[in-house]
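Descriptive structure summary
Each chain, written out:
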Protein chains: 2
Amino acid sequence: MLIVQKYGGSSVADATCINRVAGRIVEMYRAGHRMVVVLSAQGDTTDDLLAKAREINPQPSKRELDMLLTTGEQQAVALMAMALHQLGAPAVSLNAVQVGIEATAQYGDARIQRIRPERIARVLEQNSIVIVAGFQGVNRYGDFTTLGRGASDTTAVALAAVLGADLCEVYTDVDGVYTADPRIVPTARKLNEISYDEMLELASMGAQVFHNRAVEMAKRHRVKLVLRSSKDFTKEGTEVKEGSTMEKLLFSGLAIDRDVARISVMGLLDRPGIAFHIFSLLATQQISVDIILQTAGAADGDAPGQAMDISFTVSRADLDATLNTLAANQQAIGFQSITHDITLAKLSIIGAGMATNAGVASAMFEALYECAVNINLISTSEIKITVLVDAEKVDTAARAIHDKFAKLMEE
Amino acid sequence: MLIVQKYGGSSVADATCINRVAGRIVEMYRAGHRMVVVLSAQGDTTDDLLAKAREINPQPSKRELDMLLTTGEQQAVALMAMALHQLGAPAVSLNAVQVGIEATAQYGDARIQRIRPERIARVLEQNSIVIVAGFQGVNRYGDFTTLGRGASDTTAVALAAVLGADLCEVYTDVDGVYTADPRIVPTARKLNEISYDEMLELASMGAQVFHNRAVEMAKRHRVKLVLRSSKDFTKEGTEVKEGSTMEKLLFSGLAIDRDVARISVMGLLDRPGIAFHIFSLLATQQISVDIILQTAGAADGDAPGQAMDISFTVSRADLDATLNTLAANQQAIGFQSITHDITLAKLSIIGAGMATNAGVASAMFEALYECAVNINLISTSEIKITVLVDAEKVDTAARAIHDKFAKLMEE
């Protein structure tokens, strides 16, 4: 088999970790597999380099920051190749320029556009293991760009897609995808498999197991993706694949996201394009809006021209920028007031058939009612139901909902 | 003017050092000069990376080592660009791949073959400062190679040659070239200028002010080279240029090299090609031989076919390899015995007209006689006289010779 593996920063943090991972790679190589391995920078390297940069320039140029940060992965792959040599296995390390991972010019948050498979194919033909620096690309100017935090997952999936790999294994601190965070919900259990879509919802809801773009790419290119433990190689992990049982209700998991600020813009004149006006203004400031709820305001009736409110959530880091942008455009948008709330958290349940199975939402609301947690806002999609609740009560709510659904699944 | 500057690792060791150097660069940039700056890796970065590599693999592959080590310079140039931005100056950092510093494939000790000037020229046209990673090249496989320890000097001179720079300034811990090491010879004085050839002799004799290949390249391409202090930018330094006063005796300096092992191969049959045989054997083992002295042996007469001895010096690190190589080939070479001596040091005086000015050698020998230092071996060239003396007495000898020549120069 042609296998692409990805190991994160903590898996290669020091010589001991590197040797452990090298042992795993060599074992699979000697079992007859062709191996392509993607690495992140060692341990805290990226943060240390960021700190060094900010000491010199509090707002370093993104081009230069990418030039600096990409050295972290390059060091990791060179050291891993040395460790493999020490175990008697042939290995060649490659950075993004050498592989030919062509990416957009957007420093700090580039997207992979094309991967040239030639050099990797040549090294594989020589029966050698290929070690690739994750997280980085090269743009049309020949400059390094980085693909965003955690994007080594994306590098691995993209390579698996281009090379037609039989399997893409992503090794992390956890041994798979759980129905909820086990630290919060003790009854959470590991899933043997999950669909791409459910995984996407879980990841975007704050369950930081996979990089979201990696899952999207795996879905698009039908890459067989397995999340495994880097601490215990004997554990089987969770396979992410095409969902096949959309008819049946599947409770795949529950996720909590505490990084939420709710903003309400009130007393808007209800005219066409008003929501577009607000969100395009925020988009120009690079502010991502999550849940959006549009409601009739205090005015009676629903004829155009009457007052209404729009509520939405943003990440807390974007709160000030959001409030300032809206305030600066109060006249142009035309609203009466803004309120915001940072005492809330987002709780989502994810599973195939959420929207089409009657009783799912009511079971969730029943669980919340039973533990006396008020719902501030509700949003639903094909495979997800999200509520905003008091952040202080979100753990209690999570346990109550998880238990209710675990019971429902058994029935 | 187009100025190429090079700053060593200690000049960019931390944020404070980087900001100091950035200040100097911006000052010259604002004075209207076009600036190309070559940097080494920060402080002990290269040694730290080497230690990391050896922890994982005591004999790391040279390709992977170059992949690892080149990250040090890349980090330094990115940080310097950030520091320049902070001072409001435009700057772009480039590594060897981006510049197009094409080098031989010999990892760890590659030679620059060609530098593509296009990208640097483009950045300079945009009125920006260019910061280039020293010490590195890219070979025909697209892999990083390093140019040998201290080779950032070479990068700077090569860039100055290709770009037709008006001046190449190399900043180091010392403020210029001295007639001797001031720590050993207190009366040593700084030279305002020195010829390429004298500089070459001084550098190869252990006065580690410039990287020797950098001086050779400067000579070949007539690059105006100035050695300056990175600690005090107001000091003028030493200019290295074409020698112009070969007629007159010039005492340019005195150098001591303690890394010497003397080997004597005795009882050789004096037949054509015997010296070539020995030294080509050593060359295949990458052993550099320095002084060579061929003498008639104990046998009488000088007819071919009679016994003779060959003595030569190598660096102490190569002593074991040299003895082993010779011993393994005793039959093929045909000699009776080998002796070696590691209690010696090499002392050289360098200056234009050494060979053609009567009395220079005798003045040197007189000084040695006056301080009771025996001469073990003598070697002379156009601009240099070298003696091997007892290592324990070499400092005393250096002071005596320096004083004698300083007096001669005044006369």
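Values in this document were obtained by computation on a predicted structure and should not be read as measured data. Along each chain, numbering runs from 1 in the same order as the chain's sequence is written. A letter from A marks each chain and a number from 1 marks each ligand, given out in the order of writing. Under the rules for a predicted model, residues below a pLDDT of 70 receive no local features and side-chain atom pairs below 80 are neither given nor counted, while totals for whole chains, interfaces and linings still include all residues. Only hydrogens and water are set aside when side-chain values are computed; all heavy atoms of the structure are taken into account.

A short note on the relation of the copies chain B and chain A
- Least-squares superposition of the copies uses the C-alpha atoms of those residues scoring a pLDDT of at least 70 in each of them. Superposing chain B onto chain A requires a rotation of 180 degrees together with a translation of 0.0 Å along the rotation axis, leaving an RMSD of 0.2 Å. Put plainly, the chains are arranged around a two-fold axis. Nearest to the rotation axis, the C-alpha of Thr71 of chain B is located 2.6 Å from it, this being the minimum over chain B.

Things to note about the sheet that holds strand β19 (residues 377–381) of chain A
All names here are of chain A.
- Taken in spatial order, the 4 strands make up an open sheet running β13-β18-β20-β19, and their pairing is antiparallel. Edge positions in the open sheet fall to β13 (253–257) and β19, since each of these has one partner strand only. For this sheet, the mean angle separating the axes of adjacent strands, direction not counted, is 20 degrees.
- Note: β13 against strand β18 (residues 344–350), 5 bridges, orientation antiparallel. Each residue of the ladder has a partner; that of Asp257, found in β18, is Lys346.
- Between two residues, a contact is recorded if the distance between any of their heavy atoms is within 4.5 Å. In this analysis an axis means a line fitted to C-alpha atoms, helices contributing only their contacting stretch, and an angle means the value between N-to-C directions, from 0 to 180 degrees. Helix numbers and strand numbers start at the N terminus; a helix is a DSSP run of H or I with at least 4 residues, a strand a run of E with at least 2. Relative to strand β20 (residues 384–390), helix α12 (residues 360–370) is tilted by about 20 degrees, and along the sheet it contacts β18, β19 and β20. In this description, strands pair whenever DSSP reports at least two bridges between them.

Some points on the confidence of the model for chain A
- On average, residues of chain A carry a pLDDT of 87, and 91% of them reach 70 or more.
- Contacts of residues 297–302 of chain A to residues separated by more than four positions or lying in other chains number 7 contacts, the stretch itself having pLDDT below 50. Each residue carries a pLDDT score, the predictor's confidence in it, ranging from 0 to 100.

Looking at the environment of Gln59 of chain A
- Residue position: Gln59 of chain A is located in the loop between α2 (45–56) and α3 (62–86).
- Considered as a pair, Gln59 of chain A and Leu39 of chain A are 20 residues apart in the sequence and their alpha carbons are 27 Å apart.

Description of the interface of chain B and chain A
- Residue-level contacts link 42 residues of chain B with 42 residues of chain A.
- In total, about 3,300 Å² of surface goes out of reach between chain B and chain A, with carbon and sulfur atoms giving 58% of it.
- Polar contacts, as used here, are pairs of N or O atoms within 3.5 Å; protein pairs need one atom able to donate a hydrogen and one able to accept it. Residues neighboring in sequence count only if both atoms are side-chain atoms. At the boundary of chain B and chain A, one finds 24 residue pairs in polar contact (both at pLDDT 80 or more).
- The element that contributes the greatest number of residues to the side of chain B that touches chain A is helix α3 (residues 62–86) of chain B, accounting for 17 residues.
- Each residue gets one label: Ala, Val, Leu, Ile, Met, Phe, Trp, Tyr, Cys and Pro are nonpolar, Asp, Glu, Lys and Arg are charged, and the others, such as Gly, are polar. Among the residues forming the side of chain B that touches chain A, the class breakdown is 22 nonpolar, 14 polar and 6 charged. Here the buried area means the combined drop in accessible surface, using a 1.4 Å probe, for two parts upon being joined, counting both sides.

Re the sheet that holds strand β10 (residues 193–195) of chain B
Residue and element names in this part refer to chain B.
- Overall, mixed pairing links the 8 strands, which are arranged β3-β6-β2-β1-β9-β11-β12-β10 in an open sheet. Each edge of the open sheet is held by one strand with a lone partner, namely β3 (91–94) and β10. On average, adjacent strands in this sheet sit at an angle of 20 degrees to one another, irrespective of strand direction.
- Two elements, strand β1 (residues 2–7) and strand β2 (residues 34–39), share 6 bridges in a ladder whose sense is parallel. Residue pairing across strands places Lys6 opposite Val38, the latter belonging to β2.
- Sheet strands in contact with α3 are β2, β3 and β6 (129–133), and its direction is about 160 degrees off that of β6.
- Of the strands in this sheet, β1, β2, β3 and β6 touch helix α5 (residues 118–125), which is tilted by about 150 degrees from β6.

Considering the packing of helix α1 (residues 15–30) of chain B against α3 of chain B
Residues and elements named next belong to chain B.
- Running from N to C, α1 and α3 point in directions that differ by 60 degrees, and their axes come no closer than 9 Å. When the axes of α1 and α3 are compared, the pair comes out oblique. In the packing of α1 onto α3, the handedness of the crossing is right-handed. Each of Ile18, Asn19, Val21, Ala22, Ile25 and Val26 in α1 lies in contact with α3, whose residues at this interface are Leu79, Met80, Ala83 and Leu84.
- Tallied by class, residues from the contact of α1 with α3 come to 9 nonpolar, 1 polar and no charged. If an angle is under 35 degrees, it is roughly parallel; if it is over 145, roughly antiparallel; if it lies from 65 to 115, roughly perpendicular; otherwise it is oblique. Left-handed describes a crossing in which the near helix is turned anticlockwise from the far one by less than a right angle; the clockwise case is right-handed.

Brief notes about the side chain of Ser128 of chain A
Residues and elements named next belong to chain A.
- Structurally, the position occupied by Ser128 is in the loop between α5 (118–125) and β6 (129–133).
- Looking at Ser128, its side chain comes within polar contact range of the main-chain oxygen of Pro90, at 3.3 Å.
- At 3.2 Å, the side chain of Ser128 and the backbone nitrogen of Ala91 are in polar contact.
- For Ser128, the residues in contact, after removing those within four places along its chain, are Pro90, Ala91, Val92 and Val123.

Comments concerning unusual backbone geometry
- Positive phi, normally seen in glycine, also occurs at Arg222 of chain A, with a value near 55 degrees.
- By the element assignment, Arg222 of chain A lies in the loop between α8 (212–221) and β11 (225–229).
- Residue Phe135 of chain B is not a glycine yet carries a positive backbone phi of 75 degrees.
- Classification of residues uses two cut-offs on accessible area relative to the type maximum, computed with a 1.4 Å probe and protein chains only: under 20% is buried, over 50% is exposed, and between them is partly exposed. A relative accessible area of 6% places Phe135 of chain B in the buried class.

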